Amino acid sequence: MSAPAESLPSIADRLLAWYDRHARELPWRTGPAEIARGVRPDPYRIWLSEIMLQQTTVAAVKDYFAKFTEKWPDVAALAAASEDDILKAWAGLGYYSRARNLKKCADAVMADHGGRFPNTSDGLRTLPGVGDYTSAAIAAIAFGEPVAVVDGNVERVVSRLFVIDTPLPEAKKQIRTLTQALTPADRPGDFAQAMMDLGATLCTPKRPACLHCPLREDCRALGESDPERFPVKPPKKAKPVRRGAAYVLTNAQGAILLEKRGDSGLLAGMTQVPTTGWTARQDGATDTSEAPLPAVGWIACGTVGHVFTHFELRLDVFRAEGDLTPEPRQWWSAPETIAGEALPTVMKKVLVQALDHESQHDLD
């Protein structure tokens, strides 16, 4: 459904007026009052926040953003960091290819662009890990390019404004076209952030606060239908369940045997306890047949589950005490250093499961 051309400027004007009063205060954001005083957003902070916010909530990102910007305040500092240090700082945030691309992108900005981010969406899209959405967000917010910025919040707002019955993802092209038509030539960055704020605070997936929405008079879903019906989504497909085992081996000093995963594939380069050969497409062994020191007395500690994008993983957890000489890519991590390891969330769950079971066993 197309929008009447005469309604588009008024939508942008009303939304920006609302944003000037109600903009969220976010650590990476340059607010509308600052923009009005001539303060320019920092492309590095916008890029870093947008990469972190992919598939992740604002609440989860804030502490990571603060840690990263304190440790690496600009792109030159991040480029000088090792990938291992970046992965350790990223651990727990998920989707770890983003962290590896942070390093690649910072290196590219320094080597190919003299330490300055390209100032157009086309130029930004040439950087590692920067796709259509991220390039548009940086270009609009940091450099004022009037380009459509479409995330999940914007998809929801636009599909409700114009009653787009086409299901996602087929509707994405139409939503992008309408968002581009809505985007004003002046203040495109503020407009993009206003759309995001509207979707995050008022035009929410459930129980939207339509009474307080600055665009309620323009919203066709409010007038003709049920706003919660939009955006229309296809039925969810059941995720396959994969099985495997994880082995928590401690030595007499309480250190835990860890290893680094391969340099490609799921959780590439991250740290784990030894585990079996599960992947997104196949199960691994669920017993102790592939454990380090298979002859020692492995104790079953139950099962942990973790949901990845395309599958659910269930790991049977075993623990034992023993000693061995680590193989290449393996090491013993002392109790005081384990918190600083680049452990993904699923491996943190494994350790908690094993150590909690050990504590309960000691009390029995």
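For the structure, see preceding data.
Remember, predicted model here, so these are calculated numbers, not experimental data.

Q: Would you mind showing me how to read the overall build of the protein chain here?
A: Secondary structure assignment for the protein chain yields 14 helices and six strands. Split into buried and exposed, the 364 residues of the protein chain put 49% on the buried side. Restricting the contact set of the protein chain to residue pairs at least 6 apart, pairs at least 24 apart contribute 68%. Element-wise, carbon and sulfur atoms account for 52% of the exposed surface of the protein chain, whose accessible area totals about 17,600 Å². Across the protein chain, the mean location of the 42 positive side-chain charges is 5 Å away from that of the 46 negative side-chain charges.

Q: Can you help me understand the state of the cysteines in this one?
A: Formally, a disulfide is one covalent bond, and it connects the sulfur atom of one cysteine to the sulfur atom of another. Per the stated rule, a full pass over the model turns up zero disulfides. Cys 203 provides the cysteine sulfur closest to Cys 213, a residue in no disulfide bond, and the two sulfurs are 6.2 Å apart. Residue Cys 213 is classed as buried on the basis of its relative accessible area, which comes to 11%. Cys 219 takes part in no disulfide bond, and the closest cysteine sulfur to it belongs to Cys 210, at a distance of 6.3 Å. With relative accessibility at 16%, the residue Cys 219 sits in the buried group.

Q: Would you mind going over the pattern of salt bridges with me for this structure?
A: Summed over the entire model, instances satisfying the criterion amount to 15 salt bridges. We note a salt bridge from Arg 14 to Asp 218, for which the minimum N-O separation is 2.4 Å. Note that Arg 14 is positioned in helix H1 (residues 8-22) and Asp 218 in the loop between helix H12 (188-201) and helix H13 (220-224), a separation of 204 residues in sequence. Look at Arg 14 and you get partly exposed, because its relative accessible area is 30%. For Asp 107, the salt bridge goes to Lys 103, with nearest N and O atoms at 3.3 Å.

Q: Even after reading the chapter, I still don't get helix H9 (residues 132-143), so can you show me in this structure?
A: What sets the pattern is the α-helix's 3.6 residues per turn: residues three or four places apart point alike. With 12 residues, H9 extends 16 Å between its outermost C-alpha atoms, agreeing within 8% with the 16 Å of an ideal straight helix rising 1.5 Å per residue. Along H9, the residues that are buried comprise Tyr 133, Thr 134, Ser 135, Ala 136, Ala 137, Ile 138, Ala 139, Ala 140, Ile 141 and Ala 142. Of the surrounding elements, those touching the buried residues of H9 are helix H3 (43-53), helix H8 (121-124) and H12. Two residues or fewer past H9, Gly 144 is found with a positive phi of approximately 75°.

Q: Just checking my understanding: could you explain the pairing of strand E1 (residues 241-250) for this structure?
A: A regular strand places its side chains so that they alternate between the two faces of the sheet. The buried count for E1 comes to eight of 10 residues, which makes it a mostly enclosed element. Here E1 pairs with strand E5 (residues 312-321) via 10 bridges, running parallel. Its bridge partner being in E5, Val 248 is matched across the sheet by Arg 319.

Q: Please explain the pairing of E5 as it appears in this structure.
A: Counting buried positions along E5 gives seven out of 10 residues, so the element sits mostly inside the fold. Taken together, the seven bridges between strand E4 (residues 299-307) and E5 define a ladder with antiparallel strand orientation. Looking across to E5, one finds that Val 304 is bridged to Leu 315. Counted between consecutive antiparallel strands, the loop separating E4 from E5 contains four residues.

Q: Could you clarify how one ought to interpret the nonpolar core in this entry?
A: Buried together is how nonpolar side chains tend to be arranged in soluble globular proteins. By size, the foremost hydrophobic cluster in this structure holds 102 residues, and its most contacted members are Trp 47 and Phe 68. With eight residues, H9 is the largest single contributor of residues to this core.

Q: So what exactly am I meant to see when it comes to the environment of Thr 325 here?
A: Following the sequence through the fold, Thr 325 ends up in the loop between E5 and strand E6 (330-333). Looking at Thr 325, the relative accessible area reads 70%, which means it is exposed.

Q: Explain the packing of helix H10 (residues 152-161) against helix H11 (residues 172-182) here, please?
A: The axes of two packed helices give the description: the angle between them and the distance between them. Put simply, H10 and H11 touch, their axes get as near as 10 Å, and they point 85° apart. Classified by the interaxial angle, the pair formed by H10 and H11 is roughly perpendicular. The residues of H11 that touch H10, namely those facing Val 154, Glu 155, Val 158 and Ser 159, are Lys 172, Ile 175, Leu 178, Thr 179 and Leu 182. The residue inventory of the contact of H10 with H11, partitioned by class, reads five nonpolar, two polar and two charged.

Q: Just to check I follow, could you spell out the side chain of His 306 for this structure?
A: Here His 306 lies in strand E4. By relative accessible area, which is 15% here, His 306 ends up buried. Within the local environment of His 306, its side chain forms a polar contact with the side chain of Lys 349, the two groups lying 3.1 Å apart. Not counting the four nearest positions on each side in its chain, His 306 is found in contact with Phe 311, Glu 312, Leu 313, Thr 345, Val 346 and Lys 349.

Q: Would you explain the packing of helix H4 (residues 58-71) against helix H6 (residues 83-90) in this entry?
A: H6 packs onto H4 with a crossing angle of 150° between their chain directions and a minimal axis gap of 10 Å. For the element pair H4 / H6, the angle class is roughly antiparallel. As for the relative orientation of H4 and H6, their crossing is right-handed in sense. Within the contact between the two elements, H4 uses Tyr 64, Lys 67 and Phe 68 and H6 uses Ile 86, Ala 89 and Trp 90. Taken together, the residues of the contact of H4 with H6 break down into five nonpolar, no polar and one charged.

Q: When you look at a positive patch on the surface in this model, what are you seeing that I'm missing?
A: A cluster of basic residues, Lys 206, Lys 233, Lys 236 and Lys 239, forms a positive patch on the protein surface. If you trace the backbone, Lys 236 turns up in the loop between H13 and E1.

How each quantity is defined
- One numbering rule holds for all chains: residues counted from 1, following each sequence as written.
- It should be noted that, the model being predicted, local features are given only for residues of pLDDT at least 70 and side-chain atom pairs only at 80 or more, the latter also being counted only at that level, while totals for whole chains, interfaces and linings use all residues.
- Note that water and hydrogens are dropped before the side-chain values are worked out from all heavy atoms of the structure.
- Helix and strand assignments follow DSSP, with helices taken as H or I runs no shorter than four residues and strands as E runs no shorter than two, numbered in order from the N terminus.
- A simple rule labels every residue: compare its accessible area, found with a 1.4 Å probe on the protein chains alone, to the largest value its type can have, and call it buried under 20%, exposed over 50%, or partly exposed in between.
- What makes two residues a contact is simply this: any of their non-hydrogen atoms within 4.5 Å.
- Computed with the Shrake-Rupley method and a 1.4 Å probe, the accessible areas treat only the protein chains shown as cover for residues.
- Asp and Glu count as negative and Lys and Arg as positive, but His and the ends of the chain are not part of the count.
- Where a charge sits is defined by one atom per residue type, namely NZ (Lys), CZ (Arg), CG (Asp) or CD (Glu).
- When two cysteine sulfur atoms are found within 2.5 Å, that pair is recorded as a disulfide.
- By salt bridge we mean one thing: a side-chain nitrogen of Lys or Arg within 4 Å of a carboxyl oxygen of Asp or Glu.
- Expected helix span is taken as 1.5 Å per residue step, with the number of steps being one fewer than the number of residues.
- Strand pairing is defined by DSSP finding a minimum of two bridges between the two strands.
- Note on terminology: a nonpolar core comprises buried Ala, Val, Leu, Ile, Met, Phe, Trp, Tyr and Cys residues joined through side-chain atoms within 4.5 Å.
- In this analysis, axes come from line fits to C-alpha atoms, helices being fitted only over the stretch in contact, and the angle between any two N-to-C directions falls in the range 0 to 180 degrees.
- Put simply, angles under 35 degrees are roughly parallel, angles over 145 are roughly antiparallel, angles from 65 to 115 are roughly perpendicular, and the rest are oblique.
- Under the grouping applied here, Gly and all other residues not named as nonpolar or charged are polar, the nonpolar ones being Ala, Val, Leu, Ile, Met, Phe, Trp, Tyr, Cys and Pro and the charged ones Asp, Glu, Lys and Arg.
- Each polar contact in these results corresponds to two N or O atoms within 3.5 Å; when the atoms are within protein, one needs to be able to donate a hydrogen and the other to accept it, and residues that are neighboring in sequence are counted only if both atoms are side-chain atoms.
- The crossing is said to be left-handed when, going from far helix to near helix, the turn is anticlockwise and less than a right angle, and right-handed when the turn is clockwise.
- Like charges are joined within 9 Å and nonpolar side chains (Val, Leu, Ile, Met, Phe, Trp, Tyr) within 5 Å, but only among residues with over 30% relative accessible area and no salt bridge; these make up the patches.

These figures capture arrangement, not role.
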